Amino acid sequence: MVIRDFRFDDSDYQALCILLEKVYPDEPTSVETQRFDDDSRPDVWWRKRVVEIDGRCAALGTVGEPFWSLQEGKVHLSVEVDPDYLNQGIGTRLFADLEALAHARGPVRRFITGTQEDKTAASNFLRERGFEVIIREPISELDLPAFDETPFVHKIEQAKVHGIRLASLADLAREYPDWQTRFWQLDTTIMQDVPTPDPFSPRTLETFIRQHVDNPGFSPDVTHVAVHGDEWAGISELYIAPSHPEVGGTGLTGVTRPWRRKGLATALKLKVMRAARARGVRRVITDNEENNPMFQINLMLGFKAKPAWLGWQLNLSEKD
């Protein structure tokens, strides 16, 4: 068994995709998607490690600064083991390798990580090491061809009563020369209220464009925005990877504070579903913190809850 750095070449990316689709069969990925995730990451400390057995990728580990919620001494790590290599101590060895890399870099106050709640062995592994669950985010999925919008279409008319125009981001990009800045400002405003264990770290405009607009799955014709006069008041995003055009992944859906409780989030989602169906999307996947009202909206629309993502934390300062 060899633990080495990820090489960021075609061979390692192809092996990574094979591994991830075995671990998460309902969440398709691609070399293009994985390369984009690495290339668009902000300039933070981040390491990617591979366990190789007889020339085959048996596990992947990552460790680094969580750029989405930066705090001094806070380190994110993850371990994914090929199901064919479970229960051989591989995950334990890789986890220890990642911990050592983090401690060698500087003082670590807190480790965070995530697992799916149906992967009980991973949960038990973390609990044995003192990790505690700090957030639960159910994954949910919608069978789009079977979706019936009839009970909800009045929400679109209701938006019009409030003077709201529901427009695709593609249309707004033609209308507003500064659409990227407006898109970024709207995202930043709404993200401040998305439930997370720690405060969200706002991105620069440059980073936002690199992560969103340059995303290979960016779909401005499907993403919709609520506009009142010249004010952008809400958004619902959907990303459709070119390698898997039948699957849509929800990005941010949200409304600014003055415009909440008016049905705009539901209206935006309906517009997105219509556009996605026209694009040939058959499955829409999302996740939400379990107490987030957006989760209840998704269930109301017919999304089916699946095993949740669990966010874990090990607070090392308490062990001093």
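Quick caveat, the model's predicted, so the values are computed rather than measured.

1. Some thoughts on the overall build of the protein chain
Here is step 1: Scanning the protein chain from N- to C-terminus turns up ten helices and twelve strands.
Here is step 2: Relative to the 2.2 N^0.38 estimate, which gives 20 Å for 320 residues, the radius of gyration of the protein chain is 21 Å and therefore close to what a compact globule would have.
Here is step 3: Once the C-alpha set of the protein chain is aligned to its principal axes, its extents read approximately 60 × 40 × 35 Å.
Here is step 4: Counting all 320 residues of the protein chain, 51% fall into the buried class.

2. Focus: the packing of helix α9 (residues 264-278) against helix α10 (residues 293-301)
Here is step 1: At a closest axis distance of 11 Å, the pairing of α9 and α10 adopts a crossing angle of 50°. Judged on the interaxial angle alone, α10 and α9 are oblique. Of the two possible hands of crossing, α9 and α10 adopt the one that is right-handed. In this structure, α9 contributes Ala265, Thr266, Lys269 and Leu270 to the contact, and α10 contributes Met294, Ile297, Asn298, Met300 and Leu301.
Here is step 2: Class assignment for the residues of the contact of α9 with α10 results in six nonpolar, two polar and one charged.

3. Some words on the environment of His162
Here is step 1: With respect to the secondary-structure elements, His162 resides in the loop between α5 (154-161) and β7 (165-168).
Here is step 2: Through-space distance from the C-alpha of His162 to that of Thr266 is 14 Å; in sequence the pair is 104 residues apart.

4. Brief notes about helix α7 (residues 179-191)
Residues that lie three or four places apart on an α-helix share one face, since the helix turns once every 3.6 residues.
Here is step 1: Here α7 spans 18 Å end to end across 13 residues, near enough to the 18 Å set by a 1.5 Å rise per residue.
Here is step 2: When α7 is considered as a whole, its buried residues turn out to be Trp179, Arg182, Phe183, Leu186, Asp187, Thr188, Ile190 and Met191.
Here is step 3: Residues of α7 that are buried sit in contact with α6 (169-175), α8 (205-213), β8 (224-228), β9 (231-239) and β10 (247-255).

5. Let's talk about the nonpolar core
Here is step 1: Residues Leu144, Phe147, Leu166 and Val284 are the most contacted members of the largest nonpolar core, which totals 30 residues.
Here is step 2: Elements with a minimum of two residues in this core: α5, β9, α9 and α10.
Here is step 3: The dominant element in this core, judged by the number of residues it contributes, is α9, at nine residues.
Here is step 4: Not counting the four nearest positions on each side in its chain, Leu166 is found in contact with Ile156, Ala159, His224, Val225, Ala226, Ala267, Leu268 and Lys271.
Here is step 5: If you look at the next biggest cluster of nonpolar residues, it comprises 25 residues, including Phe95, Leu98, Ala102 and Phe111.

6. A few points about helix α3 (residues 90-105)
Here is step 1: When the terminal C-alpha atoms of α3 are compared, their 23 Å separation across 16 residues agrees well with the 22 Å that a helix rising 1.5 Å per residue should span.
Here is step 2: On its buried face, α3 sits against β1 (2-5), β2 (46-53), β3 (56-64), β4 (74-81), β5 (110-116) and α4 (120-128).

7. Thoughts on the environment of Ser317
Here is step 1: Counting through the fold element by element, Ser317 comes out in the segment after β12 (304-315).
Here is step 2: When the C-alpha positions of Ser317 and Lys160 are compared, they lie 52 Å apart, and in sequence the two are 157 residues distant.

8. Observations regarding the packing of aromatic side chains
Here is step 1: Under the counting rule described, the total for this entry stands at 14 aromatic pairs.
Here is step 2: Measuring from ring centre to ring centre gives 5.0 Å for Phe67 and Trp68, while their planes differ by 85°; the resulting arrangement is edge-to-face.
Here is step 3: With a relative accessible area of 22%, Phe67 lands in the partly exposed category.
Here is step 4: When the centroid spacing of 6.1 Å and the interplanar angle of 25° are considered together, the rings of Phe183 and Phe218 count as stacked. Within this pair, whereas Phe183 is found in helix α7, its partner Phe218 is found in the loop between α8 and β8, the two being separated by 35 residues in sequence.

9. Points about the side chain of Arg4
Here is step 1: Along the chain, the position of Arg4 falls in strand β1.
Here is step 2: Assessed through its relative accessible area of 13%, Arg4 is described here as buried.
Here is step 3: Setting aside chain neighbours within four positions, we find Arg4 in contact with Asp12, Lys48, Arg49, Val50 and Glu52.

Parameters at a glance
Starting afresh in each chain, residues are numbered from 1 along the sequence in its written order. Under the rules for a predicted model, residues below a pLDDT of 70 receive no local features and side-chain atom pairs below 80 are neither given nor counted, while totals for whole chains, interfaces and linings still include all residues. The basis for every side-chain value is the complete set of non-hydrogen atoms in the structure, without hydrogens or water. By the criteria applied, helices consist of DSSP H or I runs no shorter than four residues and strands consist of E runs no shorter than two, each listed in order from the N terminus. Radius of gyration here is computed from C-alpha atoms only, and the compact-globule reference equals 2.2 Å multiplied by the residue count raised to the power 0.38. Residue burial is assigned from relative accessible area. The probe radius is 1.4 Å, only protein chains are included, and a residue is buried under 20% of its type maximum, exposed over 50%, and partly exposed in between. Here an angle of 0 to 180 degrees is reported between the N-to-C directions of two axes, which are lines fitted to C-alpha atoms, with helices fitted over the stretch in contact. The cut-offs work like this: below 35 degrees is roughly parallel, past 145 is roughly antiparallel, 65 to 115 is roughly perpendicular, and the gaps in between are oblique. The sense of a crossing depends on the near helix, which, turned anticlockwise from the far helix by less than a right angle, makes the crossing left-handed and, turned clockwise, makes it right-handed. A contact between two residues is defined here by any heavy atoms of the two lying within 4.5 Å. Charged residues are taken to be Asp, Glu, Lys and Arg, nonpolar residues to be Ala, Val, Leu, Ile, Met, Phe, Trp, Tyr, Cys and Pro, and polar residues to be all remaining types, Gly included. Here a helix's expected span is defined as the number of its residues, less one, multiplied by 1.5 Å. Among buried residues, the Ala, Val, Leu, Ile, Met, Phe, Trp, Tyr and Cys ones that are joined through side-chain atoms within 4.5 Å form a nonpolar core. In summary, the pairing rule links any two rings of Phe, Tyr or Trp, Trp by its six-membered ring, whose centres are within 6.5 Å, and it sorts them by plane angle into stacked for under 30 degrees, edge-to-face for over 60 and tilted for everything else.

Such coordinate-based values are descriptive only and should not be taken to indicate function.
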